[in-house]
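Listed below are the residues making up each chain.
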Amino acid sequence: MDPAQLHQEMLVWDAHRDVAYEAPLSERFLQGWMTGFDMHLPLVRAGGLDCQTYAICVAPELDLPPTAQAFKELELIWETQSSHSNTVTLALKSDDVLQAKAQGTLAAWVALEGAEPILNQIGLLRGFYRMGVRSIGLTWNWRNAIADGVAEGREQGGGLTRFGEQVVREMNQLGMVVDVAHMTLQGVRDVLRVSEQPIIVSHGGSQRLCATHRRTSPDEILEAIAEKDGVFCATTIPETLAQDPAQATLETFLDLIDHCVRVIGADHVGLGADFDVFQSHLGLPPEHWVKGLEEVDRWPRVTAGLVQRGYTESDIRKIMGENLLRVYRQVVG
Ligand SMILES: [Zn+2]
């Protein structure tokens, strides 16, 4: 099997990349985003990336209320879609992903990272669905109306509120993927109890590789996600891959995939890098990078690494994108 050819042919899907954390700050920043996006696209092409989930994450320290911040970021995405219609397809249904691949455009899903923008209003949840949001990370690091985030204490933090349970049920009804990446252990257990649909961790690490980082999960969580037929997406955040982030490499990332596959099988593992949206041209210091896997243009190296480690072609296809497609097909349609 030729890794380069396989990479080109198969669906490659990255389940997490932030849109623009500070986007609502100024109109000037919006211009910066467009410039950044234009620099991002050639890397996407070089990386053979077919599908990217872009997450809207609001900044609590800004004066603008979270719902307004999210609307501004959403507008940015729709604007990007209309000014880049030859290169980007906003994905609203699973078939859009396959169609985009056939046309050679990038399929872009929109997600919320942290449900702060919906406040405590189910009506706002429906509104975000209508505006194209198809998955929500219920919390970021802090407490919101739905549940606690991991920074409130991975083991001590609380689970779903009654409103949070309502949100999960409504997301099942609407066809939105529930993402538990930043939740506490209790939060994940509650979501698994309430949700009738598969759920995902859009970007996560394993405690086996780095026990001290709050964004790494015990095997118990991986197993529970797999039991619901969901997907655990391996992240490239260096601090979650190694005690000393400077030691995080492409091989460490492959070790994380190995571990996940060993515990829950190749049907339940995916990719969720969390590359910084501006790292490619802001020149962030090296500790922000995983050596050998610094940006989206490095994805072919992951395919080559999996081939080298003895994965079958069918398992590589699942890990690199087909598992996420399966879940989105079931949940979103
Ligand atoms: Zn995150």
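The structure under discussion appears in the preceding block.
Scoring rules and cut-offs
- Residues numbered from 1 in each chain as written.
- Predicted model: local features only at pLDDT ≥ 70, side-chain atom pairs only at ≥ 80, totals over all residues.
- Heavy atoms only, no water.
- Helix = DSSP H or I, 4+ residues; strand = E, 2+ residues; numbered from the N terminus.
- Buried < 20%, exposed > 50% of the residue type's maximum accessible area, 1.4 Å probe, protein only.
- Core = buried A, V, L, I, M, F, W, Y, C linked by side-chain atoms within 4.5 Å.
- Contact = heavy atoms within 4.5 Å.
- Expected span 1.5 Å × (residues − 1).
- Bend = angle between axes of the 7 residues up to and from the residue.
- Pairing = 2+ DSSP bridges.
- Polar contact = N/O pair within 3.5 Å; in protein donor to acceptor, adjacent residues only side chain to side chain.
- Donors = N, O, S within 2.8 Å, 3.2 Å for Na, K, Ca; no water.
- Salt bridge = Lys/Arg side-chain N within 4 Å of Asp/Glu carboxyl O.

A. Inspection of the environment of Gln 8 at higher detail. Within the secondary structure, Gln 8 sits in helix α1 (residues 3-9). Classification of Gln 8 as exposed rests on a relative accessible area of 59%. Measuring from C-alpha to C-alpha, the distance between Gln 8 and Arg 326 comes to 20 Å, with 318 residues separating the pair along the chain.

B. Local environment of the nonpolar core. Residues Leu 138, Ile 257, Trp 299 and Val 302 are the most contacted members of the largest nonpolar core, which totals 83 residues. Residue contributions to this core peak at eight residues, all from helix α10 (residues 250-264). Those residues in contact with Trp 299 that lie beyond four places of it in its chain are His 7, Val 12, Asp 14, Gly 47, Leu 49, Phe 253, Leu 271, Ala 273, Phe 275, Leu 293 and Met 320. By size, the runner-up hydrophobic cluster in this structure holds 19 residues, among which are Trp 13, Ala 15, Cys 233 and Leu 324.

C. Up close: unusual backbone geometry. Unlike most non-glycine residues, Asp 229 shows phi in positive territory, near 65°. With respect to the helices, strands and loops of the structure, Asp 229 is situated in the loop between α8 (219-227) and β9 (231-234). The exposure class of Asp 229 is partly exposed, given its relative accessible area of 30%.

D. Region of the structure containing helix α13 (residues 313-331). Over its 19 residues, α13 extends 26 Å from the first C-alpha to the last, a length consistent with the 27 Å expected when each residue adds 1.5 Å. In the structure, α13 departs most strongly from a straight axis at Ile 319, where the bend amounts to approximately 60°. All of the buried residues along α13 are Ile 316, Arg 317, Ile 319, Met 320, Gly 321, Asn 323, Leu 324, Leu 325, Val 327, Tyr 328 and Val 331.

E. Looking closely at the pairing of strand β1 (residues 13-18). Burial analysis of β1 places five of its six residues in the buried class, the great majority of the element. Examined bridge by bridge, β1 and strand β2 (residues 51-56) share four bridges and lie parallel to one another. Within the sheet, the bridge partner assigned to Asp 14 lies in β2 and is Gln 52.

F. Spotlight on the side chain of Arg 154. Among the secondary structure elements, Arg 154 is positioned in the loop between β5 (133-137) and α6 (162-174). Exposure remark for Arg 154: the relative accessible area of 15% places this residue in the buried category. At 2.8 Å, the side chain of Arg 154 forms a polar contact with the backbone oxygen of Thr 216. Dropping the residues within four chain positions of it, Arg 154 is found in contact with Thr 184, Leu 185, Gln 207, Ala 211, His 213, Arg 214, Arg 215 and Thr 216.

G. Focus on the coordination of the zinc ion. Listed as protein donors to the zinc ion are Glu 113 (OE), His 182 (NE2) and His 203 (NE2); their distances from the metal cover 2.1 to 2.2 Å. Taken in chain order, the donor set of the zinc ion reads E-x68-H-x20-H. Highlighted residues: Glu 113 in strand β4 (residues 106-113) and His 203 in strand β7 (residues 200-206), separated in sequence by 90 residues. Comparing Glu 113 with His 203 shows no difference in burial state: the two are buried.

H. A look at the pattern of salt bridges. Within this structure, the stated rule accounts for 21 salt bridges. Across the pair Arg 193 and Glu 165 runs a salt bridge whose closest N-O atoms are separated by 3.4 Å. Within this pair, whereas Arg 193 is found in helix α7 (residues 185-194), its partner Glu 165 is found in helix α6, the two being separated by 28 residues in sequence. On the basis of relative accessibility, which here comes to 54%, the residue Arg 193 falls in the exposed class. For Glu 165, a relative accessible area of 18% puts it in the buried group.

Purely geometric numbers; function is a separate question.
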